[in-house]
Amino acid sequence: RSVLALRGLVLMQLGDSQGAYSNLQQALHIEPDSPGLLNNMGWLLCETGQPEHALPLFDRAMANKAYTTPATAMMNAGRCSIKLGQPAKAEQYFQRALLADPEQSLAHANLGKLAYEAHDYKRARRHLLKIISTGRARPEDYSLAMAVERQLGDKLAEESIARQWSKRYPDSLVSGKSTRGQVDE
């Protein structure tokens, strides 16, 4: 099973989705309740345009009490829900990921983005500032945080985030543009 699972992951990384599917399917035939395999197959299905088939696999993985990293499946289910155009369901998955792993910065990033898209800028701010305060923010998190502050009309906060971004990512071209107000939201 582990050889099939590993080969499936490698083939997924190489872009051979058919080979990956075949290997993961064989591994699941041997061990149908493996949460790691269910998560990996779900991710493959989500990434190959079949998110509606992926969500039940993520749910099965999350339900397995032996799964040591359920936040991974929760995050993947949230991303898949976004692909299905189900932001409320995605938000539920991301919230569950935070309950399982409070340090899950990508959950905060996704919740911040969903809140921004829903025009709930104060909630978006809360999630994005949480990431920035941990030091794990990515350039896109800083960019979105600046856009949030711009929507809230807080120029000082926007400039503060721009300075933090430039300090953290000094070579970022986007960082330089953002500090001059040239980034599109």
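Because the structure is predicted, anything quoted here is derived from the model rather than measured.

The next point concerns the overall build of the protein chain. The helix and strand inventory of the protein chain stands at eleven helices and zero strands. Mapped from its N terminus to its C terminus, the protein chain presents α and β elements in the order α-α-α-α-α-α-α-α-α-α-α. Expressed along its principal axes, the backbone C-alpha trace of the protein chain runs to roughly 60 × 30 × 25 Å. Considering only contacts within the protein chain whose residues lie at least 6 apart along the sequence, 45% involve residues at least 24 apart. Element-wise, carbon and sulfur atoms account for 53% of the exposed surface of the protein chain, whose accessible area totals about 10,000 Å². Seen as two clouds, the 23 positive and the 20 negative side-chain charges of the protein chain have centres 3 Å apart.

Attention now goes to the packing of aromatic side chains. Within this structure, the stated rule accounts for three aromatic pairs. Look at Y142 and Y169: their rings are 6.2 Å apart centre to centre, the planes differ by 75°, and that puts the pair in the edge-to-face class. Of this pair, Y142 sits in helix α9 (residues 139-152) while Y169 sits in the loop between α10 (155-168) and α11 (173-179), placing them 27 residues apart in sequence. By way of ring pairs, the aromatic residues Y142, W165 and Y169 are connected into one cluster.

Take the packing of helix α1 (residues 2-14) against helix α2 (residues 17-30) next. Put simply, α1 and α2 touch, their axes get as near as 8 Å, and they point 160° apart. Overall, the two elements α1 and α2 adopt an arrangement that is roughly antiparallel. The hand of the α1/α2 crossing is left-handed. Where α1 abuts α2, its residues L4, A5, R7, G8, L11 and M12 lie against G19, A20, N23, L24, Q26, A27 and I30. Residue composition of the contact of α1 with α2, by class: eight nonpolar, four polar and one charged.

Let us now look at unusual backbone geometry. The backbone of H119 shows a phi angle near 65°, a positive value even though the residue is not glycine. With respect to the element layout, H119 can be found in the loop between α7 (105-117) and α8 (121-134). Judged by its relative accessible area of 59%, H119 falls in the exposed class.

This paragraph deals with the state of the cysteines. Within the structure shown, the criterion is met by one disulfide. Disulfide pairing places C46 opposite C80 at an S-S distance of 2.0 Å. Here the residue C46 occupies a position in helix α3 (residues 35-47), and C80 occupies one in helix α5 (residues 70-83), the gap between them amounting to 34 residues. Accessibility assignment for this pair places C46 and C80 in one class, buried.

Another point: a nonpolar patch on the surface. A grouping of L6, V10 and L14 is seen on the molecular surface, where their side chains present a nonpolar patch of about 310 Å² in accessible area. Inspection of the secondary structure puts V10 in helix α1. Under the relative-accessibility criterion, V10 is labelled partly exposed at 41%.

So, on to the confidence of the model for the protein chain. Mean pLDDT over the protein chain: 90, with 92% of residues reaching 70 or higher. For residues 175-185, every residue scores under 50 in pLDDT, and the model assigns this stretch 17 contacts once sequence neighbours within four places are set aside.

With that settled, the discussion passes to the pattern of salt bridges. Under the defined criterion, the tally for this structure stands at ten salt bridges. Linking R136 and E103 is a salt bridge whose minimum nitrogen-to-oxygen distance equals 3.3 Å. Placement of R136 in the loop between α8 and α9 and of E103 in the loop between α6 (87-100) and α7 is noted, with a sequence separation of 33 residues between them.

A word on the nonpolar core. Core analysis: the largest hydrophobic core is formed by 35 residues, its most contacted members being M41, F58, M62 and F94. Counting 18 residues, the second-largest nonpolar core is a separate cluster that includes A109, I132, I161 and W165.

So, how was this worked out
- Residues numbered from 1 in each chain as written.
- Predicted model: local features only at pLDDT ≥ 70, side-chain atom pairs only at ≥ 80, totals over all residues.
- Heavy atoms only, no water.
- Helix = DSSP H or I, 4+ residues; strand = E, 2+ residues; numbered from the N terminus.
- Contact = heavy atoms within 4.5 Å.
- Areas by Shrake-Rupley, 256 points an atom, 1.4 Å probe, with all protein chains shown as cover.
- Lys, Arg positive; Asp, Glu negative; His and termini not counted.
- Charge placed at Lys NZ, Arg CZ, Asp CG, Glu CD.
- Phe/Tyr/Trp six-rings, centres within 6.5 Å; stacked < 30°, edge-to-face > 60°.
- Axes fitted to C-alpha atoms, helices over the stretch in contact; angles between N-to-C directions.
- Parallel < 35°, antiparallel > 145°, perpendicular 65-115°, else oblique.
- Left-handed = near helix turned anticlockwise from the far one by under 90°.
- Nonpolar A, V, L, I, M, F, W, Y, C, P; charged D, E, K, R; others polar.
- Buried < 20%, exposed > 50% of the residue type's maximum accessible area, 1.4 Å probe, protein only.
- Disulfide = S-S within 2.5 Å.
- Patch = residues over 30% accessible without salt bridge, like charges linked within 9 Å, V, L, I, M, F, W, Y side chains within 5 Å.
- Salt bridge = Lys/Arg side-chain N within 4 Å of Asp/Glu carboxyl O.
- pLDDT = per-residue confidence, 0-100.
- Core = buried A, V, L, I, M, F, W, Y, C linked by side-chain atoms within 4.5 Å.

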